[in-house]
Amino acid sequence: MARRIFPLLLVIALCAIILIFAIWNNRPTIAPHTEAGAELAPDFTLKALDGTPLKLSDYRGKVILLDFWATWCAPCQEEIPRFVEWQSKYRDRGLQVIGLSMDDSPESVQKFSREFRMNYPIALGTQDVASKYGGIFGLPVNIVIGRDGKIKAKHLGMYDLMQLERELTSQL
Amino acid sequence: MSFRFVRLGTTCVIFCLTALSMPQKGLAQWNPNQIQPATALSQSVLIQPAELVKALQSSKIKPVVLNVGPKMLYQQAHIPGAEFIGQGSDSESIKQMRARVQSLPHSTVIVLYCGCCPWAQCPNVTPAYTELRRLGFINVKVLYIADNLGTDWVYKGYPTVRGNN
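Residues numbered from 1 in each chain as written. Chains lettered and ligands numbered in written order. Predicted model: local features only at pLDDT ≥ 70, side-chain atom pairs only at ≥ 80, totals over all residues.

Caption draft 1: Molecular detail of the pairing of strand E8 (residues 151–156) of chain A. Residue and element names in this part refer to chain A. By the criterion of burial, E8 is predominantly enclosed, with six of the six residues buried. Across five bridges, strand E7 (residues 141–145) lies against E8 in antiparallel orientation. Bridge pairing in E8 links Asn142 to His155. What sits between the antiparallel neighbours E7 and E8 is a turn of five residues, in which Gly149 has the positive phi angle 85 degrees. (Buried ≥ 20, exposed ≤ 12 C-beta atoms within 10 Å, placed from the backbone. Helix = DSSP H or I, 4+ residues; strand = E, 2+ residues; numbered from the N terminus. Pairing = 2+ DSSP bridges.)

Caption draft 2: Region of interest: the confidence of the model for chain B. Residue and element names in this part refer to chain B. Of all residues in chain B, 79% attain a pLDDT of 70 or more, and the chain-wide mean is 86. With pLDDT under 50 throughout, residues 21–30 is counted as low confidence; its partners more than four residues away or in other chains account for 11 contacts. With a pTM of 0.78, the predicted complex shows an ipTM of 0.73. (pLDDT = per-residue confidence, 0-100. Contact = placed C-beta atoms within 7 Å.)

Caption draft 3: Spotlight on helix H3 (residues 106–115) of chain A. All names here are of chain A. Three or more residues of H3 are buried, namely Val109, Phe112 and Ser113. Seen end-on, H3 carries its buried residues on one side only, within an arc spanning 95 degrees. Exposed and facing more than 90 degrees away from the buried side of H3 are Glu107, Lys111, Arg114 and Glu115. (Arc of directions from axis to C-beta.)

Pasting the structure below:
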């Protein structure tokens, strides 16, 4: 009996090792640089993809997740489906996700936003806005803004999404 | 009996490998072009940020530093003296890089860098490196940026320049 079961266990163990290795290899890297401050989030007005003006201060009173991203940024592609989900899930509790794309042209952003069914306002970011937020030196950059309009957290690079969700929901 | 287990085992392994090679939802849909990840580069071609800082500060002949990342990030901060080429994953940028290096001797020390994303997800450095090697350049190095330019260069206090030049 043991001789029969042993090869089967061996196969299961081998599969488990392959899976564990793959999961470990694909784990998100946590950004080492995390800032939290209490300064007021700099206001900006940009033209949203749909042509309407996108003014940050219009969302005062809501908890804002400001996401600097780009279509070519692989970690951004991992995050965005979660942001779409959170926008639906927490909209009634006052969450507003805003995406500022750092792409050079709006065409690829339009196509991307349709494919990813992005359900929140998106605009092309500018040098000026990026500089107001201390500079964008890599993507993604996630900024959590409280109902009072103050920056609660800033994360450069791929951040732990469970932690980010906790940070947002703690403000709601 | 053992043949049955071998067959079963092979099936399981093939199933696992197939499942793992399937694209993640959304990600591959958006990357129709085959990405050549930075992890494909061998360790011997990499240069660490501290080493590059030292090389740039030395009085010897300075390397030609080419930025093969996105323009917006280059304008936000780049290594002093680095020339903007465009994203290495874009064939137009590769064409531009070919034109830039055309007059250089093949022994020129060239350093490529991007810093848009974590190393394993950077789509830009490997195509640019591969092209320079194909053209016959023998002293090409790639700056190893583990997370992004901010974390691995700017916030470490290494010199940077803003704008287009």
